Every structure is written in C-alpha cells, then in structure tokens.
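Descriptive structure summary
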Amino acid sequence: MKEGIHPEYRPVVFRDSSIGQNFIIRSTVKTKDKITVDGQEYPLVNLDTSSASHPHYTGKQKVVDTGGRVGKFNARYARKA
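Here's a quick rundown of the structure. (Residues numbered from 1 in each chain as written. Predicted model: local features only at pLDDT ≥ 70, side-chain atom pairs only at ≥ 80, totals over all residues. Heavy atoms only, no water.)

What follows deals with the overall build of the chain. Helix and strand counts for the chain come out as two helices and four strands. Going from the N terminus to the C terminus, the chain shows its helices and strands as β-β-β-β-α-α. In the chain, which comprises 81 residues, the share counted as buried stands at 17%. Summing over all exposed atoms, the chain offers an accessible surface of approximately 7,100 Å²; the carbon and sulfur share of this is 52%. (Helix = DSSP H or I, 4+ residues; strand = E, 2+ residues; numbered from the N terminus. Buried < 20%, exposed > 50% of the residue type's maximum accessible area, 1.4 Å probe, protein only. Areas by Shrake-Rupley, 256 points an atom, 1.4 Å probe, with all protein chains shown as cover.)

Written out as structure tokens, the structure is:
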C-alpha cells in the first residue's frame, strides 16, 4: 500500500441525538468534535436519527407537529386583500 494516499481509518463515535445513544464504529469521516467514552477520547459525529431511533427499525411511530410550521408559513405568506 502506498503511504500518504489513504484516509485515516479509526474508531469514531456516532451519537444519535434524539435518544442519546452512542455507537463506536471504525470510519474515515472527518470531524472537529471529540467525546470521551470509557476513558478514551474519540472523534464525534452527531446524527439526527439512527437504527436505534428510526420508526422503521423500532416499530414505534413518532408524531411530528407540522401544524405549527404550516400555520407560520400561511401567516407569513398569506395573500393580502
């Protein structure tokens, strides 16, 4: 293998921010955030959802309140008579 052309393949913590669960997986992703897990420091990648919180894998449906967003949009861009 040629030196200096391959990205660094190292353990990285992926955190599911919706439930706070951490996954340590080897990856080449670049990140500026760091976290300490079990006394060791790892690069950190924050995720909105993962297999631990996604409704397809958990079988639980989340209710998202879109009425507030739609109401704001209609109020902001309503036709003026």
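Right, picking up where we left off after that structure.
Before going further, it helps to spend a moment on the packing of aromatic side chains. Tallying each qualifying case throughout the model produces one aromatic pair. Ring geometry for Phe 73 and Tyr 77: centres 5.0 Å apart, planes at 50 degrees, overall tilted. You can see Phe 73 and its partner Tyr 77 sitting in helix H2 (residues 67-77), four residues apart, about one turn around the helix. On the basis of relative accessible area, Tyr 77 is assigned to the exposed category, the value being 53%. (Phe/Tyr/Trp six-rings, centres within 6.5 Å; stacked < 30°, edge-to-face > 60°.)

Within the largest apolar cluster, five residues are counted, these being Val 13, Ile 35, Val 37, Tyr 42 and Leu 44. Elements with a minimum of two residues in this core: strand E3 (34-37) and strand E4 (40-47). When sequence neighbours within four positions are dropped, the list of residues in contact with Ile 35 reads Val 13, Arg 15, Asn 22, Gln 40, Glu 41, Tyr 42 and Leu 44. (Core = buried A, V, L, I, M, F, W, Y, C linked by side-chain atoms within 4.5 Å. Contact = heavy atoms within 4.5 Å.)

This part is about the pairing of E3. With burial as the criterion, only one face of E3 is covered, namely that bearing Ile 35 and Val 37; the residues Lys 34 and Thr 36 on the opposite face remain uncovered. Direction of pairing for E3 relative to E4: antiparallel, over a ladder of four bridges. If you follow Val 37 over to E4, its bridge partner there is Gln 40. (Pairing = 2+ DSSP bridges.)

A few words now on the pairing of strand E1 (residues 10-16). Of all seven residues in E1, five are buried, a share of seventy percent or more. Of the strand pairs in this sheet, E1 and strand E2 (residues 21-27) are connected by seven bridges, and their pairing is antiparallel. Paired with Val 12 across the strands is Ile 25, a residue of E2. Where E1 folds back on E2, the antiparallel hairpin that results is connected by four residues, among which Gly 20 adopts a positive phi of roughly 80 degrees. One ladder, built from four bridges, connects E1 with E4; its direction is parallel. Directly across from Phe 14, in E4, lies its bridge partner Val 45.

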